[in-house]
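Reading the structure
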Amino acid sequence: MRTQVVIIGSGPSGLLLGQLLHKHGIDNIIVERKDRDYILGRIRAGVLEQGLVAQMDEVGAAARLHKEGLIHGGIELLFGDVRHRIDLNAATGGKNVTVYGQTEVTYDLMEARLAAGLVTVYDADQVTPLDFAGDKPRVTYVKDGATHAIDCDFIAGCDGFHGISRRSVSAGGIQEFERVYPFGWLGVLSDTPPVSPELIYVRNERGFALCSMRSHTRSRYYVQCRLDEHVDDWSDDKFWDELRRRLDEEAADKLVTGPSIEKSIAPLRSFVAEPIRFGRLFLAGDAAHIVPPTGAKGLNLAASDVHYLSQALREFYVEKSPAGIDHYSTKALARIWKAERFSWWMTSMLHRFSDTDPFTARIQLAELNYVVESKAATASLSENYVGLPY
Ligand code: FAS
Ligand code: PHB
């Protein structure tokens, strides 16, 4: 088989890249180790920056997003038992975010790919990017007991943090920056009405909590938990009781509880690989970086990587210029590090760390009071939350 670009991974990064390349007339095949249902069964992000919405529009996959997505012009910070609204819209000259689950984004992109008649190889084992140091890279994989090879011009490693692409780069060719946080997020999805019309980020002496949603009838909640805890340690009742303890009185009274339809613990880490281009292999999305979800940046950062990479490949094929692919890593990493900083800052400000001594606790509260009282600080949080320009 032969194509122009092989994309490894059928998550949001790989799917969005595939549609953008198709729009520019660039042939691509996605090779994915899991099946469609497994991918759609993962509950992840929920907040979309305008840049991602614009790209969904660009590839013609945004109809349901505009119909069902919830436009949010603000978020709330709850600390010291008081809720403070951050007017994102006012602080950014009218920008907002859209609440729409990553699962739905992935589904919409899968449907668009199907409609375009593009090839996705699911259940591919032993996917291996090869010869990407030269100008004739290829990807091999095993399916139904047979080994297949796809010759191509470029490989896009969109295979997430645990994927093969980054691991295929020789150790000396890549530098990794990492911060692992000493806690996790226990998340619950429930078919109950959200406790508040906008997201509430909570700093509480018992730990962080987040009240989010997927629609007017489906809520997504998180509480910070210890890394040695297991999801089986948390009955629904125990979760709802702990969430209530971290909320202000009004929210605690209004909270509608119900059976969890998904419950999982996600570890938190900050991670960046440098560079993210290796000859004819490019990394994009979680394959290149990880952010703690506190800033709602993970999925959105994948979108900006894919924007830069699709533009670079368009320049190569259409304008016969290598400038974009030569500059991809530097350009993407500049925005990646700004999102890493914001996600680290939000996480540091809102979570209870094991070494949160009285001094650190006062600094966290001072940071939060400064954010809600200073127009400049509110504007800084807001412009990062709605998404810095591409
Ligand atoms: P993904 O990991 O989504 O997709 C990678 C794909 O590659 C997968 O389908 C995988 O099966 C495939 N793959 C892996 N190895 C392969 C191989 N060897 N061969 C072929 N295919 C391979 N972000 C937020 O903004 N907010 C959140 O609340 C949030 N919560 C999260 C919770 C969890 C548990 C996780 C893991 C992430 C969360 N994220 C969140 C971040 C998440 O949304 C990612 O940023 C987003 O999935 C990135 O998309 P991709 O880069 O496509 O990677
Ligand atoms: C979510 O709805 O899953 C969500 C929203 C905002 C975040 C993290 C997760 O910062």
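1. Structural notes on the overall build of the protein chain
Across its full length, the protein chain carries twelve helices and 20 strands. Projected onto its principal axes, the C-alpha positions of the protein chain cover 60 × 40 × 40 Å. Counting over 390 residues, the protein chain shows a buried share of 55%. Relative to all contacts within the protein chain whose residues are 6 or more apart in sequence, the contacts with residues 24 or more apart total 72%. Positive and negative charge centroids in the protein chain, built from 44 and 52 side chains respectively, lie 2 Å apart.

2. Details of the sheet that holds strand β1 (residues 5–8)
Within the open sheet, the six strands sit side by side as β8-β2-β1-β12-β19-β18. Their pairing is mixed. Edge positions in the sheet fall to β8 (119–121) and β18 (277–278), since each has one partner strand and no second. Along the sheet, helix α9 (residues 298–318) makes contact with β1, β12 (154–157) and β19 (281–283), crossing β12 at roughly 175 degrees.

3. Describing helix α3 (residues 50–58)
For α3, every residue scored as buried is listed here: Leu52, Val53, Gln55 and Met56. Looking straight down α3, one finds its buried side chains confined to an arc of 160 degrees; they lie on one side. Next to the buried residues of α3 lie α1 (12–23), β3 (47–48), α4 (63–68), β7 (97–99), α6 (102–115) and α9. Positive backbone phi, approximately 70 degrees, marks glycine 60, located one or two places after α3.

4. Here's the deal with the nonpolar core
Membership of the largest hydrophobic core comes to 72 residues, with the highest contact counts inside it found for Val5 and Leu313. The dominant element in this core, judged by the number of residues it contributes, is α9, at nine residues. Excluding residues within four positions of it along the chain, valine 5 makes contact with Leu21, Ile26, Asp27, Asn28, Ile29, Phe154, Ala156, Leu313 and Tyr317. Counting residues in hydrophobic clusters, the runner-up holds 31 residues, among them Ile86, Phe208, Ala296 and Leu350.

5. Focus on the side chain of aspartate 248
Secondary-structure assignment places aspartate 248 in the loop between α7 (236–246) and α8 (249–254). Owing to a relative accessible area of 7%, aspartate 248 belongs among the buried residues under this scheme. Excluding its chain neighbours within four sequence positions, the residues that come into contact with aspartate 248 are Leu78, Asp81 and Arg83.

6. Here's the deal with the sheet that holds strand β11 (residues 146–151)
One open sheet holds the three strands; their spatial order is β9-β10-β11, and the pairing between them is antiparallel. Both outer strands of the open sheet, β9 (125–130) and β11, are each paired with one neighbouring strand and no more. Averaged over all adjacent pairs, the angle separating strand axes in this sheet is 15 degrees, with direction ignored.

7. Structural notes on the packing of aromatic side chains
Remark: the centre distance and the inter-plane angle together describe each pair of aromatic rings, the angle taken between the planes. Here the structure, examined in full by the defined rule, presents 17 aromatic pairs. Ring centres 5.9 Å apart and planes at 45 degrees place the aromatic pair phenylalanine 154 and phenylalanine 282 in the tilted group. Residue phenylalanine 154 is located in strand β12, and its partner phenylalanine 282 is located in strand β19; the two are separated by 128 residues in the primary sequence. Phenylalanine 282 gets classed as buried once you look at its relative accessible area, which sits at 1%. One aromatic cluster in this structure is built from Phe154, Phe282, Phe316, Tyr317 and Tyr328. Above the ring of tryptophan 234, the side-chain terminus of lysine 238 is found at 4.5 Å from the ring centroid.

8. Observations concerning the site of ligand 2
In the region of ligand 2, 14 residues are neighbours, and Tyr201, Ser212, Arg214, Tyr222 and Pro293 sit closest. At a separation of 2.6 Å, an oxygen atom of ligand 2 approaches a polar side-chain atom of serine 212. Contacts to ligand 2 include arginine 214, whose side-chain N or O atom sits 2.7 Å from an oxygen atom. Protein contact buries 97% of the 280 Å² of open area that ligand 2 shows by itself. If you list the elements that add at least two residues to the shell around ligand 2, you get β15 (209–213) and β16 (219–225). For the shell around ligand 2, a count of residues per class yields eight nonpolar, three polar and three charged.

9. Quick look at the pairing of strand β17 (residues 260–274)
Put simply, side chains in a regular strand alternate between the two faces of the sheet. Bridging between strand β13 (residues 175–190) and β17 involves 13 bridges; their strand directions are antiparallel. Each bridged residue has a counterpart across the sheet, and for serine 190 the counterpart in β17 is serine 260. Where β17 lies against strand β20 (residues 289–290), two bridges are found, and the strand directions are antiparallel. Bridge pairing in β20 places valine 272 opposite histidine 289.

10. Notes on unusual backbone geometry
Between glutamate 274 and proline 275 the backbone carries a cis peptide bond, its omega angle lying at -10 degrees. In this fold, proline 275 is placed in the loop between β17 and β18. You will see that aspartate 131, though not glycine, has its phi angle at about 55 degrees, which is positive. With respect to the helices and strands, the residue aspartate 131 is situated in the loop between β9 and β10 (138–143).

11. Here we look at the site of ligand 1
Ser13, Glu32, Arg44, Gln102 and Asp286 are the nearest of the 29 residues found near ligand 1. At 3.2 Å, a backbone N or O of arginine 33 approaches a nitrogen atom of ligand 1. In this structure, glycine 298 approaches ligand 1 through a main-chain N or O atom, which is 3.2 Å from an oxygen atom. In isolation ligand 1 exposes 990 Å². Once the protein is present, 86% of that is buried. For the shell around ligand 1, the per-class residue count stands at 13 nonpolar, eight polar and eight charged.

Scoring rules and cut-offs
- Residues numbered from 1 in each chain as written.
- Chains lettered and ligands numbered in written order.
- Predicted model: local features only at pLDDT ≥ 70, side-chain atom pairs only at ≥ 80, totals over all residues.
- Heavy atoms only, no water.
- Helix = DSSP H or I, 4+ residues; strand = E, 2+ residues; numbered from the N terminus.
- Buried < 20%, exposed > 50% of the residue type's maximum accessible area, 1.4 Å probe, protein only.
- Contact = heavy atoms within 4.5 Å.
- Lys, Arg positive; Asp, Glu negative; His and termini not counted.
- Charge placed at Lys NZ, Arg CZ, Asp CG, Glu CD.
- Pairing = 2+ DSSP bridges.
- Axes fitted to C-alpha atoms, helices over the stretch in contact; angles between N-to-C directions.
- Arc of directions from axis to C-beta.
- Core = buried A, V, L, I, M, F, W, Y, C linked by side-chain atoms within 4.5 Å.
- Phe/Tyr/Trp six-rings, centres within 6.5 Å; stacked < 30°, edge-to-face > 60°.
- Lys NZ or Arg CZ within 6 Å of the ring centre and 35° of its normal.
- Near = heavy atom within 4 Å.
- Polar contact = N/O pair within 3.5 Å; in protein donor to acceptor, adjacent residues only side chain to side chain.
- Areas by Shrake-Rupley, 256 points an atom, 1.4 Å probe, with all protein chains shown as cover.
- Nonpolar A, V, L, I, M, F, W, Y, C, P; charged D, E, K, R; others polar.

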